[in-house]
Amino acid sequence: MKRILAVCLLALLSNIGFAEAGSGKDLKKKQGILLVTFGTSYADAQLAFENIEDRVEKAFPGVSIRWAYTSKMIRKKLAKSGQIIDSPAEALAKMGEDGFTDVAVQSLHIIPGEEYENLEKTVAAFNGMPKGTERVLLGKPLLFSHQDNENLASIIDDKFEDEVSKKTALVMMGHGTHHQANIYYPGFQYYLNQRSDRYFLGTVEGFPELSEVVKRFKDSSIKRVVLTPFMSVAGDHAQNDMAGDDSDSWKSILEKEGFKVKIVQKGLAEYDQVVDIWVEHLKEVYYKL
Ligand code: CO
């Protein structure tokens, strides 16, 4: 009888031991969020990033949030003025060192282009990093699925439907890329046109260019243009290529063509509803950790 009791006790103790070992591993699990943007060197434009951080904090109370910029050029420029910002790889290495085992990385890019693709490679490399991060997942950029396009087009329509009319068009300036994901720009134009034929999207470095956009409304009754960035922040391209006073800015070109131009200098990340699309993408991966 005593012996049976001893065996039972032993079994019980070893079970407790197993349970502790099992939950001990879970106790070590530390989750964090890394927000990744192309970056901007414009202090005013960085305010848009603060808005993103506020929305993410609200959605994930108490979770550590860190930042990284994918643009090396911008990181170097900021470092000269003493502002040190990590690359995604640097940020993930530091998080591993600081004991984070599970990290949800959120891409704050607009399309799944080159910057996003590079980030996918970095994220893959940090999965199962010895003595570092164990699990790292990547949230989709602003436009990925059909639903993302629908959602963004509705938000833009809500914000700008009162600005456009028979005589007034909205022209948004996207970045554009040589990457095949540039198709998202003409693709999104279709979603915009389902709401109004007065919405236009052009790009600085891809297709369609501004000249293509102007061709489309030159013979119509459009006399005025509302010009706004289709980028996360109103940074360098928005300030100079879009709204600058140089003769090759979109504002100057449109004015020379005879249009009255109104500038709405606001990046997409300044609209809470837009930020919430990124936040939803972040939730999709965070809850899989
Ligand atoms: Co650029």
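Each remark here, short or long, concerns the structure printed above.
A brief structural summary. (Residues numbered from 1 in each chain as written. Predicted model: local features only at pLDDT ≥ 70, side-chain atom pairs only at ≥ 80, totals over all residues. Heavy atoms only, no water.)

Bringing the coordination of the cobalt ion into the picture now. Distances from the cobalt ion to its protein donors, namely H175 (NE2) and H237 (NE2), fall within the range 2.1 Å. In this pair, H175 sits in the loop between β5 (168–174) and α7 (184–193) while H237 sits in helix α9 (residues 236–242), placing the two residues 62 residues apart along the sequence. (Donors = N, O, S within 2.8 Å, 3.2 Å for Na, K, Ca; no water. Helix = DSSP H or I, 4+ residues; strand = E, 2+ residues; numbered from the N terminus.)

Another aspect to go through is the packing of helix α2 (residues 43–59) against helix α11 (residues 272–286). Two elements in contact, α2 and α11, have axes separated by 10 Å at closest approach and are oriented at 50°. One element, α2, and the other, α11, form an angle in the oblique class. Helix-helix and strand crossings are classified by hand; for α2 and α11 the assignment is right-handed. Taken together, the residues of α11 that come into contact with α2 (itself represented by N51, I52, R55, V56 and A59) are D272, V275, D276, W278, V279, L282 and K283. (Axes fitted to C-alpha atoms, helices over the stretch in contact; angles between N-to-C directions. Parallel < 35°, antiparallel > 145°, perpendicular 65-115°, else oblique. Left-handed = near helix turned anticlockwise from the far one by under 90°. Contact = heavy atoms within 4.5 Å.)

This part is about the sheet that holds strand β7 (residues 224–229). Strand order across the open sheet formed by four strands is β6-β5-β7-β8, with parallel pairing between neighbours. Taken across any chain shown, the strands that pair with only one partner, and hence form the sheet edges, are β6 (199–203) and β8 (260–263). Along the sheet, successive strands turn relative to each other by an average axial angle of 30°, direction set aside. Across six bridges, β5 lies against β7 in parallel orientation. Opposite M172, over in β7, you have T228 as the bridge partner. Across the sheet, α7 is in contact with β5 and β6; its angle to β6 comes to roughly 170°. (Pairing = 2+ DSSP bridges.)

The subject of this paragraph is the environment of T40. Tracing the backbone shows T40 in the loop between β1 (31–37) and α2. Overall, the relative accessible area of 4% leaves T40 in the buried class. Aside from chain neighbours lying at most four places away, what touches T40 is A45, Q46, F49, Y69, I74, L78, V233 and G235. Within the structure, the side chain of T40 is placed 3.1 Å from the backbone nitrogen of Y42, a separation counted as a polar contact. (Buried < 20%, exposed > 50% of the residue type's maximum accessible area, 1.4 Å probe, protein only. Polar contact = N/O pair within 3.5 Å; in protein donor to acceptor, adjacent residues only side chain to side chain.)

Now for unusual backbone geometry. Residue P208 is bonded to the preceding F207 through a cis peptide linkage, with omega at 0°. Tracing the chain through its elements places P208 in the loop between β6 and α8 (210–217). A positive phi angle, near 55°, is found at K131, a position not held by glycine. As for its placement among the helices and strands, K131 is situated in the loop between α5 (114–125) and β4 (135–139).

What follows deals with the pairing of β4. Within β4, four of the five residues are buried, which leaves the element mostly enclosed by the surrounding structure. The sheet contact formed by strand β3 (residues 102–107) and β4 spans five bridges and is parallel. Bridged to V103 within β4 is V136. Taking the sense of rotation as the criterion, the β-α-β connection linking β3, α5 and β4 turns out right-handed. (Right-handed = clockwise from strand over helix to strand, strands pointing away.)

What follows covers the packing of helix α6 (residues 146–160) against α11. α11 packs onto α6 with a crossing angle of 165° between their chain directions and a minimal axis gap of 9 Å. The orientation of α6 with respect to α11, classified from their angle, is roughly antiparallel. Like other packed secondary-structure pairs, α6 and α11 cross with a definite hand, here right-handed. Each of D148, N151, L152, I155 and K159 in α6 lies in contact with α11, whose residues at this interface are Q273, V274, I277 and H281. Classifying every residue of the contact of α6 with α11 by side-chain character gives four nonpolar, three polar and two charged. (Nonpolar A, V, L, I, M, F, W, Y, C, P; charged D, E, K, R; others polar.)

This next bit is on the pattern of salt bridges. Tallied over the full model, the rule gives 10 salt bridges. The closest approach of N and O atoms between R66 and D98, which form a salt bridge, is 2.9 Å. One end of the pair, R66, is in strand β2 (residues 64–69); the other, D98, is in the loop between α4 (88–97) and β3, with 32 residues separating them in the sequence. Residue class for R66 comes out partly exposed when judged on its relative accessible area of 26%. D98 sits in the partly exposed class, given a relative accessible area of 38%. (Salt bridge = Lys/Arg side-chain N within 4 Å of Asp/Glu carboxyl O.)

Side chains of a nonpolar character, in soluble globular proteins, are inclined to be buried together. I52, F188 and F230 are the most contacted members of the largest nonpolar core, which has 54 residues in total. A per-element tally of this core places α11 first, with eight residues. In contact with F230, other than residues within four places in its own chain, are I110, L143, L152, I156, M172, M173, G174, H175, Y185, F188, L201 and L268. Residues A169, M173, V214 and F217 belong to the second largest nonpolar core, which totals 18 residues. (Core = buried A, V, L, I, M, F, W, Y, C linked by side-chain atoms within 4.5 Å.)

Turning next to the packing of aromatic side chains. Tallied over the full model, the rule gives nine aromatic pairs. Ring geometry for F217 and F259: centres 5.2 Å apart, planes at 90°, overall edge-to-face. A residue pair is termed long-range when its members are at least 10 positions apart, and F217 in helix α8 and F259 in the loop between α10 (250–256) and β8 qualify at 42 residues. Judged by relative accessible area, which is 1%, F217 ranks as buried. With 5.5 Å between their ring centres and 90° between their planes, Y286 and Y287 make a pair best called edge-to-face. Judged by relative accessible area, which is 58%, Y287 ranks as exposed. Clustering of aromatic rings is evident, with ring pairs tying together F49, W67 and Y69. Over the ring of F144 we find K140; its NZ or CZ atom is 4.7 Å from the centre of that ring. (Phe/Tyr/Trp six-rings, centres within 6.5 Å; stacked < 30°, edge-to-face > 60°. Lys NZ or Arg CZ within 6 Å of the ring centre and 35° of its normal.)

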